[in-house]
Amino acid sequence: MGRFTDKTVLVTGGGSGIGRATALAFADEGAIVVVAGRTEEKLAETVRLIEEKGAKGGAVRADLTRSDDVAQLIRTTVSSYGGLHVAVNNGGILAAAGPISMIDEEQFASVLTTNITGTWLAMKHEIAYMSENGGGTIVNVSSSVGPHVTVPYLGAYGASKAAISSLTRTAALEAIGAGVRVNAVSPGPIDTPMSLLPGETEEGRADRLREALPIGRVGTVAEVANAVLWLASPESSYAVGVDIVLDGGGHV
Ligand SMILES: NC(=O)c1ccc[n+]([C@@H]2O[C@H](COP(=O)([O-])OP(=O)(O)OC[C@H]3O[C@@H](n4cnc5c(N)ncnc54)[C@H](OP(=O)(O)O)[C@@H]3O)[C@@H](O)[C@H]2O)c1
């Protein structure tokens, strides 16, 4: 407890799922947590939950595909919430599912722009600020799909996540000299709607994963948050450019 007391933490995609769970876990540890995304109501609910814990939270509406939004997000975080010590680049989409020969061009571009360009833009501004202001830690949320396992029908998503893992390693090498540690987590199927197949129920997912994964179950948002907090904290001080796969053994 208290690992992030008075530290300012930014979580993109903090209005739902893994991002919200991670934001709340940081709040439990004393952080000031800023959540960003496109949907104000979802962000406001996360802030309400943060404040319910007695912590300080803030919401900034920002579309990761828009350069001006991302620059403004970092400026607002720094000026209104006391700097930027930790950034979790979690916002992303899983669209354009389907065979490579059938993927719609616009949808393919949208996945790449949101996941790759969005993560890069966020890191661009985060690293610039942290490098000049005493360092910090960045955790990117990649995926087991793409960098670690190959799954049919998720070509655009997998390519975008492989790029995030690669960008993580490059940024880690470039930024460590300035005291900025960059790492990633790569979750397998986690208990949010994103891991449901089209039309699948939660029970159907449980049946599928009982067979498909060595651990025999879906992962929890808390299990991802735990790893993100470790990578963001001084406990992981020798971890630079690592990409922790959290997929119940699916990639082994
Ligand atoms: N769930 C899984 O099984 C799983 C597995 C591996 C990796 N992941 C990764 O974990 C991350 C979180 O996923 P999740 O499962 O928690 O799903 P989720 O609830 O859909 O979270 C994605 C978040 O990203 C935000 N977002 C999407 N596009 C954005 C944009 N252009 N600008 C700003 N924010 C944007 C969404 O908010 P708005 O729509 O309001 O903008 C949403 O809050 C994603 O990067 C995902 O790829 C998930």
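Described in the following lines is the structure provided in the data block. Since we're looking at a predicted model, the values are computed, not measured.

### Let's talk about the site of the ligand
Taken together, 29 residues are adjacent to the ligand, and Ser 16, Thr 39, Asn 90, Tyr 157 and Thr 192 come closest. Taking Gly 13, its main chain carries an N or O atom lying 3.4 Å from an oxygen atom of the ligand. Within the side chain of Thr 192, one N or O atom sits 2.6 Å away from an oxygen atom of the ligand. Within the complex, the protein chains bury 91% of what would otherwise be the 870 Å² of accessible surface of the ligand. Breaking the shell around the ligand down by element, the ones donating at least two residues are α1 (17-28) and α5 (155-175). Of the residues contributing to the shell around the ligand, the split by class is ten nonpolar, 15 polar and four charged.

### Examining the packing of aromatic side chains
Scanning the entire structure with this criterion turns up one aromatic pair. Centre to centre, the rings of Phe 4 and Phe 26 are 4.8 Å apart; their planes meet at 75°, and the pair counts as edge-to-face. Here the residue Phe 4 occupies a position in the segment before β1 (8-12), and Phe 26 occupies one in helix α1, the gap between them amounting to 22 residues. There is no split in this pair, since Phe 4 and Phe 26 are both buried.

### Digging into the pattern of salt bridges
Summed over all chains, the structure comprises ten salt bridges. The residue Asp 69 makes a salt bridge to Arg 66 at a minimum N-O spacing of 4.0 Å. According to the relative accessible area criterion, Asp 69 is buried, its value standing at 17%. A salt bridge links Arg 208 to Glu 200; the shortest N-O distance between them is 2.8 Å. The exposure class of Arg 208 is partly exposed, given its relative accessible area of 27%. Since its relative accessible area comes to 18%, Glu 200 is described here as buried. Residues participating in the shared-partner salt-bridge network are Arg 3, Glu 29 and Glu 235.

### With respect to the sheet that holds β1
Taken in spatial order, the seven strands line up as β3-β2-β1-β4-β5-β6-β7 in an open sheet, and their pairing is parallel. The sheet terminates laterally at β3 (57-61) and β7 (243-246), the two strands that pair on one side only. When strand polarity is set aside, the average angle formed by the axes of neighbouring strands in this sheet is 15°. Pairing of strand β2 (residues 32-37) with β3, which is carried by five bridges, proceeds in the parallel orientation. Bridge pairing in β3 places Ala 36 opposite Val 60. On the sheet, helix α4 (residues 105-132) packs against β1, β4 (86-89), β5 (136-141) and β6 (180-187) and is oriented at approximately 170° with respect to β5. Where helix α7 (residues 221-232) meets the sheet, its contacts fall on β4, β5, β6 and β7, and the angle it forms with β6 comes to roughly 165°.

### As for the nonpolar core
Residues Phe 26, Val 33 and Val 185 are the most contacted members of the largest nonpolar core, which totals 33 residues. For this core, the elements supplying multiple residues, two or more each, are β1, α1, β2, α2 (40-52), β4, β5 and α7. Among the elements that take part in this core, α7 stands out by supplying eight residues, more than any other. Setting aside its immediate chain neighbours within four residues, Phe 26 contacts Phe 4, Val 9, Ala 31, Val 33, Val 86, Val 88, Val 228, Leu 229 and Ala 232. By size, the runner-up hydrophobic cluster in this structure holds 20 residues, among which are Ile 74, Ala 87, Met 130 and Val 180.

### Concerning α7
Relative to the 16 Å expected for twelve residues at 1.5 Å per residue, α7 spans 16 Å between its end C-alpha atoms, a close match to the ideal helical length. What α7 keeps buried is the set Val 221, Val 224, Ala 225, Ala 227, Val 228, Leu 229, Leu 231 and Ala 232. Contacts from the buried residues of α7 go to α1, β4, β5, β6 and β7.

So, how was this worked out
- Residues numbered from 1 in each chain as written.
- Predicted model: local features only at pLDDT ≥ 70, side-chain atom pairs only at ≥ 80, totals over all residues.
- Heavy atoms only, no water.
- Near = heavy atom within 4 Å.
- Polar contact = N/O pair within 3.5 Å; in protein donor to acceptor, adjacent residues only side chain to side chain.
- Areas by Shrake-Rupley, 256 points an atom, 1.4 Å probe, with all protein chains shown as cover.
- Helix = DSSP H or I, 4+ residues; strand = E, 2+ residues; numbered from the N terminus.
- Nonpolar A, V, L, I, M, F, W, Y, C, P; charged D, E, K, R; others polar.
- Phe/Tyr/Trp six-rings, centres within 6.5 Å; stacked < 30°, edge-to-face > 60°.
- Buried < 20%, exposed > 50% of the residue type's maximum accessible area, 1.4 Å probe, protein only.
- Salt bridge = Lys/Arg side-chain N within 4 Å of Asp/Glu carboxyl O.
- Pairing = 2+ DSSP bridges.
- Axes fitted to C-alpha atoms, helices over the stretch in contact; angles between N-to-C directions.
- Contact = heavy atoms within 4.5 Å.
- Core = buried A, V, L, I, M, F, W, Y, C linked by side-chain atoms within 4.5 Å.
- Expected span 1.5 Å × (residues − 1).

The quantities given are spatial measurements derived from coordinates; they are silent on function.
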